[in-house]
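# Examination of the molecular architecture
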Amino acid sequence: MTKTSEFQVSYGQMKPVQAAAAQAEAPLYAAIDAMVAPLSSDEYAFIAKDSGERHVLSHHVLQTLDQCREFRPIDEHAARVASVVPGLTQQDRIRKGLEGLATAGLLVKDSDYLDRLRRAPEASPRTLHAIYIRACDRPQQLKKLLDSLANYERKFRVARPVVLLDDSTDARNQDQNRDLLREFARAVGNPVSYFGPSERQRLRERLLKAVPGCEKSLEWLLDRGPRTRRPGGGRSWNVALLLSAGRMFAMLDEDFRFPLRRLQDVRPGLEPNPSVAASARFYRRLEDALSAGDEESSDPFESHLAVCGAQLGSVLGLEGYGLERQSLRGINLGRLEHLRGDARILYSLNGTCGSSGTESALWLYQLDAESRADLWADREAYLRNIEAQSLWYGWLRPKPAAQAYFTPFLFDNRELLPCTNPDGRGEDGLASAATRYCREDSLVMHLPSVVGHAQESARKRSEITMAAHMPRFNHFLRDHVSGQVGSARAQDPGRRLHLLAETTADLAASSDSALENSLQEYLGFIRADIVERLQNQFELLSDAPVYWQADVRSIVRNNGNALLKHAAPRLADWPEQFDAKQCVDATRAELLDIAQAWRDWPVLWNAAREQGDRLVSGL
């Protein structure tokens, strides 16, 4: 560790300069992230997180850097330091000192930051193994999806393998789904496979021969059985991961519809700011929402393959994915830690047009200004829009993120992806959190395209939205796993998943009172967060329509009352009559099931990868 003049702010004389605020092309700078430790009353060790370089800084220099965390021109930083740091008032001298810090590498320049992110294009092309479709007792929805997919396959003159993962409980629906798949194959010539209950049973038997001792986990993960607690898309999700182990695949739900579309508002260039939320547009009819914007002109599967499985740094070189330096303005460099040039994009996602994919529409009360204006345009439109039945929801620019909360379109399953809970909603967010835990240098990518989503019937979301928020078990476990990200040290994702299994089992081994407290604290945190966020919105939007204000008051009041009420810590998956002991028992049982599944999953996934197509031959 050295202390030299180049690490000190110099307040020598310099000529006045033009304010950087007036220079649109002025470079942007941000203070690097570092660990700081005191050495004396006025000296600190400053250890850069990315390079490990060590510097000795004075208290004034440290205060100066603290005010320069966001990407801004030097003159803007100088003005802020002069207004905030005691004893530093002369902007010209401060500016010269900041230039010295930039020379020393303690302030990073926008162009240097972007150069560190970029990577050369990857030579080996990525291919799609198959399109997997999750179905469950909705043949009419499946028919519309297959018809729209057939049009796409004809348009782009391809014949990708299609695998129908049928979790229907009604034998008549199973037969109808099987017939629809045959009709699709005859119409377009795609190779198809049907996976229903008997096929899943034979898949389990074949895997058990390769990996004895995993019978309980296989039954719970892949099939309906004695421990099946509720419907969910996780069973088909897990089947798809095994059938495609070592390869890339696409996932569709039976109520999706092609083509993919994008709004005219979509802009090129990556969105780096993690605080920027998705946008929404609202329509009077479902059909209007499904046809909003322009149809994607390119093959959507190929468009996603260009991104999914690639390193972020190589994606930056693709048309429409460049990261402009002005996009960094105002962003704290510490908020961009997830953006690494070598970060692998494991999931790519679309937005939706048509019906919302959520059961609550609480997110409607935290929209951006343009989306919000569309939401509350008039009272009649507002009352229709809060049901989220006919809308466009997605991103106006490609956006990388650490985790996903919806079902991805493409999966990079070439290396191990964790299994998810087979039961209940929220299996997608849980899977993404577990992926982030096992492969914390990975990313997901939201593309500025939307897929049609038309549910079989209209849903009344406003009742759930207005009530005290009640998350599901998978949301509870997702947030628990997200809180553990960064605690594992092993390089191998399988070892990390085993550690996640042990920490989950450790939570299950809590005493009844400790586990009840965990549930209570979680519900309290979630509801307090909703109250705080909406109260802030309410105060900021004092000119909002009275009907919007009234609903916000109701949501805040209901969540506040639930926060203060001492009641059983019930999650949305459980019966209303559950008492505290039943909530604890249900949590413990499910935690133990998923913990054992995570222990067994690496050997199951590896066995499936080794067998490849032989795993499904003859099933």
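Please refer to the structure higher up on the page.
Report on the accompanying structure. Computed from a predicted model, the values in this text were never measured in an experiment. All residue numbers refer to positions counted from 1 along the written sequence of the respective chain. Given that the model is predicted, a residue must reach a pLDDT of at least 70 before its local features are reported, and side-chain atom pairs must reach 80 or more before they are shown or counted; all residues, however, enter totals for whole chains, interfaces and linings. The side-chain numbers reported here are obtained from all heavy atoms of the structure, hydrogens and water having been left aside.

## Remarks on the overall build of the protein chain
By the criteria applied, helices consist of DSSP H or I runs no shorter than four residues and strands consist of E runs no shorter than two, each listed in order from the N terminus. Secondary structure summary: the protein chain contains 21 helices and 17 strands in total. What the globule rule says is 2.2 Å times the number of residues to the power 0.38, and the radius of gyration is computed from C-alpha atoms. For a compact globule of 619 residues, the expected C-alpha radius of gyration is about 25 Å, and the protein chain comes in at 27 Å, within 12% of that figure. Along the three orthogonal principal directions, the C-alpha set of the protein chain runs to about 85 × 55 × 55 Å. Burial classes: relative accessible area under 20% of the type maximum marks a residue as buried, over 50% as exposed, and values in between as partly exposed (1.4 Å probe, protein chains only). The 619 residues of the protein chain split such that 54% are buried. Exposure was quantified through the Shrake-Rupley algorithm and a 1.4 Å probe, taking into account, for residues, occlusion by the shown protein chains and nothing else. Approximately 26700 Å² of the protein chain is accessible, and the part contributed by carbon and sulfur atoms is 49%.

## A few points about unusual backbone geometry
Pro259 follows Phe258 through a cis peptide bond whose omega is 10°. Structurally, the position occupied by Pro259 is in strand S10 (residues 256-262). At Ala388, a position not held by glycine, the phi torsion is positive, near 50°. By the secondary structure assignment, Ala388 is in the loop between helix H14 (379-385) and strand S14 (391-394). Given the relative accessible area of 1%, Ala388 is considered buried.

## Focus on the side chain of Arg325
For Arg325, the position within the fold is in the loop between helix H12 (312-315) and strand S13 (345-354). Definition of a polar contact: a pair of N or O atoms within 3.5 Å, with one able to donate and the other able to accept a hydrogen when the atoms are protein atoms, and with sequence-neighbouring residues admitted only if both atoms are side-chain atoms. One polar contact links the side chain of Arg325 to the main-chain carbonyl oxygen of Ala26, over a distance of 3.5 Å.

## What to know about the sheet that holds strand S4 (residues 54-58)
Taken together, three strands build an open sheet; the order of strands is S2-S3-S4 and the sheet is antiparallel. At either end of the open sheet lies a strand with only one pairing partner, and these are strand S2 (34-38) and S4. For this sheet the average axis-to-axis angle between neighbouring strands, irrespective of direction, equals 30°. For two strands to be treated as a pair, DSSP must find no fewer than two bridges joining them. When strand S3 (residues 43-48) meets S4, the two strands line up antiparallel, connected through five bridges. Residue pairing across strands places Tyr44 opposite Leu57, the latter belonging to S4. In this description, contact between two residues means that some pair of their heavy atoms is separated by no more than 4.5 Å. A fitted line through C-alpha atoms represents every axis, and for helices the fit uses only the stretch in contact; the resulting angles, taken between N-to-C directions, go from 0 to 180 degrees. Across the face of the sheet, helix H1 (residues 59-66) comes into contact with S2, S3 and S4 while running at roughly 105° to S4.

## Quick notes on the packing of helix H9 (residues 234-243) against helix H21 (residues 580-611)
Packing of H9 against H21 leaves a shortest axis separation of 8 Å and a crossing angle of 50°. The angle between H9 and H21 places the two elements in the oblique class. Where H9 abuts H21, its residues Asn238, Leu241 and Leu242 lie against Trp601, Leu604, Trp605 and Ala608. Think of it as three bins: nonpolar holds Ala, Val, Leu, Ile, Met, Phe, Trp, Tyr, Cys and Pro, charged holds Asp, Glu, Lys and Arg, and polar takes everything else, Gly as well. Per-class residue counts for the contact of H9 with H21 are six nonpolar, one polar and no charged. Throughout, the term roughly parallel applies to angles under 35 degrees, roughly antiparallel to angles over 145, roughly perpendicular to angles from 65 to 115, and oblique to all others.

## A word on the pattern of salt bridges
Note on definitions: salt bridges are taken to be side-chain nitrogens of Lys or Arg within 4 Å of carboxyl oxygens of Asp or Glu. Enumeration over the complete set of coordinates arrives at 59 salt bridges. For Asp255, the salt bridge identified is with Arg138, shortest N-O distance 3.3 Å. Linking Asp255 in the loop between strand S9 (247-253) and S10 with Arg138 in the loop between strand S6 (128-135) and helix H5 (139-155), this pair joins segments that are 117 residues apart in sequence. A relative accessible area of 5% places Asp255 in the buried class. According to the relative accessible area criterion, Arg138 is partly exposed, its value standing at 22%. A salt bridge links Arg229 to Asp423; the shortest N-O distance between them is 3.9 Å. Remark: Asp423 occurs in the loop between strand S16 (410-413) and helix H15 (427-438) and Arg229 occurs in the loop between helix H8 (215-222) and H9; sequence separation between them is 194 residues.

## Looking at the side chain of Ser462
Among the structural elements, Ser462 can be located in helix H16 (residues 462-466). Residue class for Ser462 comes out buried when judged on its relative accessible area of 10%. Within the local environment of Ser462, its side chain forms a polar contact with the side chain of Glu387, the two groups lying 2.6 Å apart. The residues contacting Ser462, other than those within four sequence positions of it, are Ile386 and Glu387.

## Brief notes about helix H3 (residues 91-103)
Given the number of residues in a helix, its expected span is that number minus one, multiplied by 1.5 Å. Spanning 13 residues, H3 covers 18 Å between terminal C-alpha atoms, matching the ideal 18 Å at 1.5 Å per step. Among the residues of H3, Ile94, Arg95, Gly97, Leu98 and Leu101 are the ones counted as buried. Down the axis, H3 shows its buried residues gathered within 165° of arc, on one side only. Each element contacted by the buried residues of H3 is listed here: H1, helix H2 (74-84) and strand S5 (107-109). Phi turns positive, to about 85°, at Gly105, one or two residues after H3. Note that the arc is defined by the directions from the helix axis to the C-beta atoms.

## Considering the nonpolar core
Among soluble globular proteins, nonpolar side chains are generally buried collectively. For our purposes a nonpolar core is just a set of buried Ala, Val, Leu, Ile, Met, Phe, Trp, Tyr and Cys residues, chained together by side-chain atoms within 4.5 Å. If you look at the biggest cluster of nonpolar residues, it comprises 93 residues, and the most contacted ones within it are Tyr132, Leu203, Leu243, Tyr365, Trp548, Trp598 and Trp601. Examining the composition of this core, we find that 12 residues originate from one element, H21, more than from any other. With near-sequence residues (within four places) excluded, Trp548 lies in contact with Tyr365, Leu375, Trp376, Tyr382, Gln537, Phe538 and Leu541. Ranked by size, the runner-up nonpolar core spans 48 residues in total, among them Tyr44, Val85, Val108 and Leu270.

## Here we look at the packing of aromatic side chains
Remark: the centre distance and the inter-plane angle together describe each pair of aromatic rings, the angle taken between the planes. The pairing test for Phe, Tyr and Trp rings, Trp by its six-membered ring, is centres within 6.5 Å, and the orientation test on the planes gives stacked under 30 degrees, edge-to-face over 60, and tilted for anything in between. Counted by the stated rule, this structure contains 18 aromatic pairs. Both rings, one in Tyr393 and one in Phe406, keep their centres 6.2 Å apart while their planes meet at 70°; by these two values the pair is edge-to-face. One end of the pair, Tyr393, is in strand S14; the other, Phe406, is in the loop between strand S15 (399-401) and S16, with 13 residues separating them in the sequence. Sitting above the plane of the Tyr194 ring, Arg178 keeps its charged end 4.3 Å from the centroid. For a ring to carry a charge above it, either NZ of a lysine or CZ of an arginine must fall within 6 Å of the ring centroid while also lying within 35 degrees of the normal to the ring plane.

## Things to note about helix H18 (residues 493-508)
Relative to the 22 Å expected for 16 residues at 1.5 Å per residue, H18 spans 22 Å between its end C-alpha atoms, a close match to the ideal helical length. Along its buried surface, H18 packs onto H15, helix H17 (473-484), helix H19 (512-540) and H21.

## Some thoughts on the packing of H18 against H21
Between H18 and H21, the shortest axis-to-axis distance is 8 Å and the interhelical angle comes to 165°. By the angle between their directions, the pair H18 and H21 is classed as roughly antiparallel. When you trace H18 past H21, the crossing you get is left-handed. Listed contacts from H21 to Gly494, Leu497, His498, Leu500, Ala501, Glu502, Thr504, Ala505, Leu507 and Ala508 of H18 are Arg588, Leu591, Leu592, Ile594, Ala595, Trp598, Arg599, Trp601 and Pro602. Broken down by class, the residue content of the contact of H18 with H21 amounts to 13 nonpolar, three polar and three charged. Here is the rule for handedness: rotate from the far helix to the near one, and if that takes an anticlockwise turn smaller than a right angle the crossing is left-handed, while a clockwise turn gives right-handed.

Honestly, it's all geometry; don't read function into it.
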